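Architecture and fold: a report
Here's the letter readout for the chains.
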Amino acid sequence: MGRKVVVAVCTLNQWALDFEGNLNRILQSIQEAKEMGALYRTGPELEICGYSCEDHFHEPDTFLHSWQVLAELLKSATCKDILIDVGMPVQHRNVSYNCRVAFLNKKILLIRPKMILCEDGNYRETRWFSGWTKERQIEDYYLPRMIAAITNQTTVPIGDAVISTRDTCIGFEICEELWNPQSRHIPLSLDGVEIISNGSGSYMELRKAYVTVDLVKSATFKSGGAYLFSNLRGCDGQRIYFNGNSCVAVNGEIVSRGLQFALHDVEVITATIDLEDIRSYRTQIRSRSHLAASNAPFPRVSVDFSLSDDEDIYLTISPPIEYKYLTPEEEIELGPACWLWDYLRRSGQGGFFLPLSGGVDSTSTACIVFSMCTQICDAVEKGESQVLYDVRKILCQSDYTPSDPMELCNRLLVTCYMASENSSQETKLRASQLASEIGSYHFPIVIDSAVNAVIGIFTTATGLVPKFRSKGGCPRQNLALQNIQARLRMVLSYLFAQLMLWVRGRPGGLLVLGSSNVDEALRGYMTKYDCSSADINPIGGISKTDLKSFLQYAKSRFFLPSLSEILQAPPTAELEPLTDGQITQTDEQDMGMTYAELSEFGRLRKTFHCGPFSMFQKLVHEWSNKCSPQEVAEKVKHFFRCYAINRHKMTVLTPSYHAESYSPDDNRFDHRPFLYRVHWNWQFRTIDDAVAQMAKDKRIKQGDSSTKQETSSSNTNIAAHFNMRRDRKGVLI
């Protein structure tokens, strides 16, 4: 009797609306699954059209082309004799659903709509889809004529049902249903469903990989069974990066897993499962068995097909494996680099241009590009033909094969140190040293003539000459003169990005890379339309603290000794005049807060949903060892003033790699006004009242303590007097 089944879980790097490319990647995954001996293949969420179609889901074309792709899959010989489910949008009775479509040998078995939609973080699924609310119910779905002509079916079941093969039972969850408190895998497992598949579109955030793994393991720990988690990977047209990590769990243990980050578009992992292990695990949990005996049944779609074989004695069961997580530094090394690669090869551009200042932020961006080049060379060496094809296409050189990351970096990355009279020799040297270590095409320029020309235009028009603060100017003049330099660097960046490949004898242009971190965006510590304004920003979702840790790691990972000096140097914009050739301006002094404090403000504001008063209430205790309540109050108020004044800058924030849970990205992750009442009168008055009350309570407490000390001292003196008399006479007088 057959008892062992081989299942395949696929990780795909799909692209929104790339129906042809998505079809080819799906077919490749099916072919690889069959070659690995699998008889059941599952894939990620909305894999046919791509997850991030967004408002294109309102267009009939998106549904039409999805059915056309499904028609090609049904007709393909690759899909013969293997049970397959794919993700696609389906309209039923004029309602749009996010669905899994299961089929076998040109027959559609079931359309299973998503029941619980995701609405947090970067997700907005109810804008395009509705959840299926009819639990354990199915209806007839009338197939499009193009599909009916292939399947010879007029209707197929749609709804909350499961598939029964001759040897087991298969059920479905879709992404958010795993995260929800009322997950479907519990009633499914109680109804005897032994294999549960989940097609997902889960994106990465730093330090969050364990969440999905824990959920997948727990889905089968209490109730037994096999859980197949199939996730997207890559940038499919948005700020987020789907982070793979597809896996298979059996009875609470991970038995197979895929990579979190990788450059190849298709990854298939398989697991060999003993169905009897599931059955024995379940029956020994007596409370579970008693619940299952009264569980309401799901509609079953029967299919004359087996996942197991009578001759399975030679199949080796997949054993539990240890799940090793990447460190945050490794996640920063790999994730943004893969995101950059997807953006570069799909944008049709010829490389990147980066203003390299010699500071932590631009250095981090440069190191991430170098990581991308390293991964490309590794992938080509391993025989990844698609990566090689893409490199040759980008460089317009059909016979090129990359082998040295530095040499490839020289072709793909142009860096430029944009000096002004306020720039120091130290930062110029650091930028040059780093460029030589990673191999980028590097050159310095001086922007003073452009700065003077702009000031000259202003002076001609007004008759006034603005001055820096150190030379007698007011704060407005001082800030305006800094912003001129910053904005001119942005203008020059785009000029060089458009023309540097012409200079180097290659067609095309370069993508301008931004290098402002998530903390600076939150605080608004940037010039609007300066070098923070770029085409894309790989570090825009990463904190300054994490970037420093990443550079410390990258120093040894890529052997970049220049990073030591960069890490030791105080962060500075170098926009104000030097004093005796030395830097006097530092970021933390300008901001009025440290980067560590800024990260804490960011987490409390976004992750813990704190307004000014709630933030004060938390920090007054957390910082009690270093700040008085009054000092905490002033820090909180200063942060919210700066945040309110600068929030408008988020409306033009460069699209950034999403990595941090407290990102202030205004596009879809952090929806808030960009015009605030900056004085926060009511909120700040509430803080002031709390500070006053705490001060009053402290004085009262100190007074009580002083009174108690005086009373205690008096009593002690009296007792001492009586004790002395007793010692002398032996009796108390």
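This is a predicted model, so every value here is computed, not measured.

Side note on the nonpolar core
Counting 61 residues, the largest nonpolar core has Leu340, Trp341, Phe352, Met372, Ile376, Leu408 and Leu412 as its most contacted members. Counting residues per element, this core draws most heavily on helix α10 (residues 360-381), which supplies twelve residues. Setting aside anything within four residues of it in sequence, one finds Leu412 in contact with Leu344, Gly350, Gly351, Phe352, Met372, Cys373, Ile376, Ile394 and Leu395. Residues Ala8, Ala16, Phe103 and Ile116 belong to the second largest nonpolar core, which totals 57 residues.

Quick notes on the packing of α10 against helix α17 (residues 544-557)
The N-to-C vectors of α10 and α17 enclose an angle of 50°; their axes lie 10 Å apart at closest approach. In terms of axis orientation, α10 runs oblique to α17. As for how α10 packs across α17, the hand of that crossing is left-handed. Side by side, α10 and α17 meet where Val360, Asp361, Thr363, Ser364, Cys367, Ile368 and Thr374 of the first sit next to Lys544, Leu547, Lys548, Phe550, Leu551 and Arg557 of the second.

Some details on the pattern of salt bridges
Counted under the stated rule, the structure contains 39 salt bridges. Note that Glu139 and Lys134 form a salt bridge whose closest N and O atoms lie 2.5 Å from each other. Residue classification places Glu139 among the buried residues on the basis of a relative accessible area of 15%. Between Asp191 and Arg300 there is a salt bridge; the shortest N-O distance is 2.8 Å. On the criterion of sequence distance, the pair formed by Asp191 in the loop between α5 (185-190) and β10 (195-200) and Arg300 in strand β17 (residues 300-302) is long-range, its members being 109 residues apart.

Digging into the packing of helix α9 (residues 328-347) against α17
With their axes 9 Å apart at the nearest point, α9 and α17 run at an angle of 80° to one another. Regarding the angle of α9 to α17, the classification is roughly perpendicular. Contacts from Glu329, Glu330, Ile332 and Glu333 of α9 reach α17 at Asp546, Ser549, Phe550, Tyr553 and Arg557. Considering only residue class, the contact of α9 with α17 consists of three nonpolar, one polar and five charged.

Topic: the UniProt feature "domain: CN hydrolase" (unreviewed entry) in the chain
UniProt tags residues 5-275 as "domain: CN hydrolase" (unreviewed entry). For residues 5-275, the end-to-end C-alpha separation is 7 Å, with 24% helix and 34% strand making up the annotated structure.

Some points on helix α14 (residues 448-462)
Along its 15 residues, α14 runs 21 Å from first to last C-alpha, staying within 8% of the 21 Å computed at 1.5 Å per residue. Among the residues trailing α14, Gly463 stands out with phi positive, at a value near 80°.

Examining the sheet that holds strand β19 (residues 413-419)
Read from one edge of the open sheet, four strands run β20-β19-β18-β21, paired in parallel fashion. Of all the strands in the sheet, the pair left with one neighbour each is β20 (441-446) and β21 (511-512). Inspection of the sheet shows strand β18 (residues 352-355) paired to β21 by two bridges, in the parallel sense. Bridging from a neighbouring strand, Phe352 pairs with Leu511 of β21. Packed onto the sheet, helix α13 (residues 425-438) meets β19 and β20 and runs at close to 170° relative to β19.

Criteria and cut-off values
- Within any chain, residue numbers begin from 1 and follow the written order of that chain's sequence.
- Only residues with pLDDT of at least 70 get local features here, since the model is predicted, and only at 80 or more are side-chain atom pairs given and counted; chain-wide, interface and lining totals rely on the full set of residues.
- To get the side-chain values, take all heavy atoms of the structure and skip hydrogens and water.
- Side-chain atoms within 4.5 Å link the members of a nonpolar core, which is a set of buried Ala, Val, Leu, Ile, Met, Phe, Trp, Tyr and Cys residues.
- Summary of the burial criterion: residues with accessible area below 20% of their type's maximum are buried, those above 50% are exposed, and those between are partly exposed, where the area comes from a 1.4 Å probe applied to protein chains only.
- Every helix listed is a DSSP run of H or I at least four residues long, and every strand listed is a run of E at least two residues long, numbered separately from the N terminus.
- Note on contacts: a residue pair is in contact if any heavy atoms of the two residues lie within 4.5 Å.
- Only the contacting stretch of a helix is used when fitting its axis, a line to C-alpha atoms as for every element, and angles between N-to-C directions run 0 to 180 degrees.
- Angles below 35 degrees are treated as roughly parallel, those above 145 as roughly antiparallel, those between 65 and 115 as roughly perpendicular, and all remaining angles as oblique.
- In this scheme the crossing of two helices becomes right-handed for a clockwise turn of the near helix relative to the far one and left-handed for an anticlockwise turn of less than a right angle.
- In what follows, salt bridge is the name for a side-chain nitrogen of Lys or Arg lying within 4 Å of a carboxyl oxygen of Asp or Glu.
- Classification used: nonpolar for Ala, Val, Leu, Ile, Met, Phe, Trp, Tyr, Cys and Pro, charged for Asp, Glu, Lys and Arg, polar for all others including Gly.
- UniProt positions are given in the numbering used here, feature names are shortened, and annotations may be inferred rather than shown by experiment.
- The span you would expect from a helix comes to 1.5 Å times its residue count less one.
- Whether two strands pair depends on DSSP finding at least two bridges between them.

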